[in-house]
Amino acid sequence: MAEELVKYSPAFKPQLAALRSPVFGGTSAFNAAYLEWKYEQNPYLNGPIMHLALMDDRVVGMRGIYGSKGHFGDVGQRVVPAAAEFAIDRDHRGRWLGQRLIAFAEEDLRAKGCDYVLSPSANLTTRFLRLQAGCRLAATYQTFRRGNYPQPRNPRQRANPNRPKFLTRAAHSFGNWLRNWKTPAPFEGFDKWAAQIRSPIVATPTPRISQMSELVSQCRDQSRIQHVRDERFYRWRLRDPSSLYRFVYYEDNGGMEGFVTLQQPVHGGVVTIVDWTAPTTNAWNSLLGAVVDSGIDRLQILSTRFSEAQAQSLYRSGFEPVVDPDTRTHPAPGILLCPLSNPDTNAW
């Protein structure tokens, strides 16, 4: 019996949270809060857009679509749907359900008048499926890291096929608990450092949303495709219940002349520089140096394009580019642009 494909309704919310938990981690309550933030509170779409696969009225698969807004060169600003959560129950994998669910979601978006859908963080499986379906790799991210990182697991190394599933899941859960138990509280060391630093650097958990969005607007490169980072975006983005944020500001001439936003999962882990604007080399070097001096153990930054000056500053600060020798199994993360009605992706 084939799974039934349906559109989202609020009655499925508890099941969606439960389905997401073993795939992305966290409790059902935590995942429910995350789904509400990402889809119901999104400022760019009217109501949540999710597509589900059901078996006997039980949710066994989901594909989430959230709204994003970008600057697209001569096209100007546009709201574009972006693909996000993609989860299939373990017992329903290997049946092409994922491909059917993606096709169902895109047909619904096409009926809503959407020309394109973005996939800003497609994993290996999703990327393979979407490129086969005619999507275009619009940009790839370059990642720099600083600190000690474990070696990635070889995806060809399968788990013992004779091990019962409940033992595999129990081992995975115990591993997550052990890592969280050994990890210091998020930003614990950073906050102690922030209380001691002096001007021109200021570090705080409080975002200066108006100043940040104004500086971003002043420094935007008109030739690049970029996400719109205005007050509306920041007020939504920084409420993400799965993340904690810290902000480092560079102050000069009586005002804020640059900033860096740090993100860390609520349960601890790698700290990522997720957002920054520094109009001068001095501001960038001062901000990066301050973040490094804060003593963060594992730090990473990624972008679709680093300037030569930014890259050299990262090298001098002890960052190294992430380069995997086998791009077939560990391709660089990227942004996929998938046409729905207009096949000319070159228009953007």
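It should be emphasised that the depicted structure is a prediction, and the values quoted were computed from it without experimental measurement.

Packing of helix α1 (residues 13-24) against helix α2 (residues 28-40) brings their axes to within 8 Å, and their N-to-C directions diverge by 110°. Between α1 and α2, the angle falls in the class roughly perpendicular. In the crossing of α1 with α2, the sense of the turn from one axis to the other is right-handed. Here K13, L16, A17, A18, R20 and S21 of α1 come into contact with α2, specifically with S28, N31, A32, Y34, L35, E36 and E40. Looking at the contact of α1 with α2, its residues break down into 6 nonpolar, 3 polar and 4 charged.

This part is about the nonpolar core. The tendency in soluble globular proteins is for nonpolar side chains to be buried side by side. Core analysis: the largest hydrophobic core is formed by 36 residues, its most contacted members being L16, L52, M62 and F259. F259 has contacts with M212, L215, V216, Y234, V248, Y249, D275, W276, T277 and L287, leaving out every residue within four places of it along the chain. If you look at the next biggest cluster of nonpolar residues, it comprises 28 residues, including A283, A290, I296 and I301.

Per the counting criterion, the structure on display carries 1 disulfide. Note on cysteine connectivity: C135 is disulfide-linked to C338, with sulfurs 2.0 Å apart. Between C135 and C338, the S-S dihedral sits near 115°, and the bridge is therefore right-handed. You can see C135 sitting in the loop between α4 (124-132) and β6 (136-140) and its partner C338 sitting in strand β15 (residues 334-339), a full 203 residues away along the chain. Look at C338 and you get buried, because its relative accessible area is 2%.

With that settled, consider the sheet that holds strand β10 (residues 243-252). Sheet strands pair via backbone hydrogen bonds, and the direction of the pair is either parallel or antiparallel. Reading across the sheet, the 7 strands line up as β8-β10-β11-β12-β13-β7-β14 and stay open at both edges, with mixed pairing between neighbours. This sheet does not close on itself; its edge strands, each paired only once, are β8 (201-204) and β14 (320-321). By the bridge criterion, 5 bridges tie strand β11 (residues 255-265) to strand β12 (residues 271-277) in an arrangement that is antiparallel. Among the inter-strand pairings, V260 is bridged to a residue of β12, identified as W276. Along the sheet, helix α7 (residues 209-219) contacts β10, β11 and β12; its crossing angle with β11, the most-contacted strand, is approximately 110°.

On to empty space enclosed by the protein, then. Per the counting criterion, the structure on display carries 1 cavity of 30 Å³ or more. Within this model, the largest cavity holds a volume of roughly 60 Å³. Lining the largest cavity are R63, I65, A83, I102, A105, E106, L109, V117, S119, R130 and C338. Of the residues belonging to the lining of the largest cavity, the class tally is 7 nonpolar, 1 polar and 3 charged.

Calculation rules
- Residues numbered from 1 in each chain as written.
- Predicted model: local features only at pLDDT ≥ 70, side-chain atom pairs only at ≥ 80, totals over all residues.
- Heavy atoms only, no water.
- Axes fitted to C-alpha atoms, helices over the stretch in contact; angles between N-to-C directions.
- Helix = DSSP H or I, 4+ residues; strand = E, 2+ residues; numbered from the N terminus.
- Parallel < 35°, antiparallel > 145°, perpendicular 65-115°, else oblique.
- Left-handed = near helix turned anticlockwise from the far one by under 90°.
- Contact = heavy atoms within 4.5 Å.
- Nonpolar A, V, L, I, M, F, W, Y, C, P; charged D, E, K, R; others polar.
- Core = buried A, V, L, I, M, F, W, Y, C linked by side-chain atoms within 4.5 Å.
- Buried < 20%, exposed > 50% of the residue type's maximum accessible area, 1.4 Å probe, protein only.
- Disulfide = S-S within 2.5 Å.
- Pairing = 2+ DSSP bridges.
- 1 Å grid on protein atoms, 1.4 Å probe; cavity = no way out; pocket = protein on both sides within 12 Å on 5 of 7 lines; lining within 4 Å.
- Points joined across faces, edges and corners; volume = space filled by probe spheres on them.

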